[in-house]
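Overview (structure and organization)
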Amino acid sequence: MNKADILKEIIEQRRSIFPKDYTDAEITQEVIDEILHSATLAPNHKRTKPWRFKVFKGEEKAKLASEMQAIYKATQPEQLFLEKKYNDIGFKINKANAVVSIIVNFSGMVPEWEEIAATSMAVQNMYLSCTANNIGCYWSSPKIVEDLKDSLTIEENQKCLGLFYMGKI
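In what follows, the accompanying structure is described. In every chain, residue numbers begin from 1 and rise along the written sequence. Where local features are concerned, this predicted model is filtered to residues with pLDDT of at least 70; where side-chain atom pairs are given and counted, the filter is 80 or more; whole-chain, interface and lining totals use all residues. Side-chain numbers come from the whole structure's heavy atoms, not from hydrogens or water.

Attention now moves to the pairing of strand β2 (residues 98–105). Burial classification: accessible surface area is computed with a 1.4 Å probe over protein chains only, and a residue below 20% of its type maximum counts as buried, one above 50% as exposed, and the rest as partly exposed. Under the DSSP-based scheme used, a helix requires at least four consecutive residues in state H or I and a strand at least two consecutive residues in state E, with every element numbered from the N terminus. Buried residues dominate β2, accounting for eight of its eight residues. Neither face of β2 is open: one carries Ala-98, Val-100, Ile-102 and Val-104, the other Val-99, Ser-101, Ile-103 and Asn-105, and all of them are buried. Bridge count between strand β1 (residues 51–56) and β2: six bridges; the pairing is antiparallel. Note on β2: the bridge partner recorded for Phe-56 is Val-99. The sheet contact formed by β2 and strand β4 (residues 158–168) spans eight bridges and is antiparallel. In the strand pairing of β4, Ala-98 is matched with Met-166. Following DSSP output, two strands are said to pair if at least two bridges run between them.

Right, here's the structure in full:
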């Protein structure tokens, strides 16, 4: 099979696969590094490389789950709070083998939309690398990520665009 056919097959197979469908098998650090490296190959104007990623695994991931649940509970009016949603936040994070925060860093050198687009292209590369490695993944952008600013050490010129969940399928 030639390269174009292989690429076409990977693009056609790319899907969002949710944590409920992940197995408990671990993704090796080598594969996670490969997925993140593919992200850094995304085109970006003036080589600003606007993406910033932080990988959460193990205890850090469990802490992220607890923090996001606490944020949800604290920010929801009592009449809108849903126990199921609260539990789902923890389940999704804990069921994933790794969760990656997706941060865009605005350089001021190019329009912000270009750096958001470049970061999105980086995430698409992650999706394609996950597909090629038989890793389930999806990009989630819940509103509560805006309140993770301190734990993600987001600077004034940065914005969290969501979380990228990964797990073996």
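Relative to the helices and strands, Glu-26 resides in the loop between α1 (3–13) and α2 (29–39). Residues count as neighbours in contact if any of their non-hydrogen atoms are within 4.5 Å of one another. Here Glu-26 is in contact with Lys-57, Asn-97 and Lys-168, once residues within four sequence places are set aside.

Another aspect to go through is α2. Burial in α2 covers these residues: Val-31, Ile-32, Ile-35, Leu-36, Ser-38 and Ala-39. Considered in projection along α2, the buried side chains sweep an arc of 155° and stay on one side of the axis. Those residues of α2 hidden inside the fold are in contact with β1, β2, α5 (112–132), β3 (135–140) and β4. This arc is built from the directions going out from the helix axis to the C-beta atoms.

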